[in-house]
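# Structural characterization, general
Residue-level listing of the chains:
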Amino acid sequence: MDRLTPVEQRAPGRWQIGEVMTIVEETPRVKSFRIALPMWMAHLPGQHYDVRLTAPDGYRAQRSYSVASSPLDEGEIELTIDRLEDGEVSPYFHDVVVVGDGVEVGGPFASYFVWRGESPVLLIGGGSGVVPLMAILRHRRRAMPDVPMRLVYSVRGADDVIYSSELGDDAVLTYTREAPDGWTGHAGRIDASLIAEAAPGPSTSFICGSNGFVEAASNLLLDAGFAPDQIRTERFGPSG
């Protein structure tokens, strides 16, 4: 009689222990962690994973972090984590985790703030809100390079630019507080002129950042003629 070989179930949300393969310091307070997963499954660009820490006494802390990598990176995900001084999870990743460590993750999650190949696309990110947008941009570059897509990225200063080495012609930066010496591009908050430069016409848009940032950017798009159902938003707060 033939025997069936047991296989591990792969389903969204199941907890698993991944291995940290690489750690990249993006900015003085942001690091990216490449994590190999034994039960990897392809995510949709824009989805997130939950990360769970368990103390020796059984206390658990859990946070959600957007996936920054393309689903074409088979077997692994990249989580980009902003260090919050009073956080429970982010300081552990920044100060304790090293290459080779195991971390407990579950996912992928989210079904609304995801890119499924719509065209054209406008991405608008503030600060670390660029993380899920980078997953979309990276995937488009590799899988659908002919899709018109632009990223508008708002940061305070040069030390706050995440993924600086990857920002090319499909990205527009604006510095809201201090632009680097010799900067000739946009400065100040995102405004109607910057939206018009990045997206000549209405398109599917993804906005991610703080509550205030998302509200302001959404209103700019509505004023520019975008329909409400063309605007997808994700907000983050001080939870780390």
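Above this text is the structure in question.
These remarks concern the structure in this document. (Residues numbered from 1 in each chain as written. Predicted model: local features only at pLDDT ≥ 70, side-chain atom pairs only at ≥ 80, totals over all residues. Heavy atoms only, no water.)

Attention now moves to unusual backbone geometry. Of the consecutive residues G107 and P108, the connecting peptide bond is found in the cis state with omega at 0°. Position of P108 among the secondary structure elements: in strand β6 (residues 102-109). The linkage connecting S119 with the following residue, P120, adopts the cis geometry, with an omega of -10°. Along the chain, P120 turns up in the loop between β6 and β7 (121-126). One non-glycine residue with positive phi stands out, namely Y163, at about 60°. When you line up the elements, Y163 lands in the loop between β8 (149-157) and β9 (171-178). Look at Y163 and you get buried, because its relative accessible area is 1%. (Helix = DSSP H or I, 4+ residues; strand = E, 2+ residues; numbered from the N terminus. Buried < 20%, exposed > 50% of the residue type's maximum accessible area, 1.4 Å probe, protein only.)

This next bit is on the pattern of salt bridges. Applying the stated criterion to the full structure yields 15 salt bridges. Residue E85 pairs with R83 through a salt bridge whose shortest N-O separation is 2.7 Å. The exposure class assigned to E85 is exposed, which follows from its relative accessible area of 67%. Note that R83 is salt-bridged to D95, the shortest N-O span being 2.3 Å. A residue pair is termed long-range when its members are at least 10 positions apart, and R83 in the loop between β5 (76-82) and α1 (90-95) and D95 in helix α1 qualify at 12 residues. When its relative accessible area of 18% is taken as the criterion, R83 is described as buried. Beyond isolated ion pairs, a larger network of salt bridges with shared partners links R34, D73, E76, E78, R138, R142 and E166. (Salt bridge = Lys/Arg side-chain N within 4 Å of Asp/Glu carboxyl O.)

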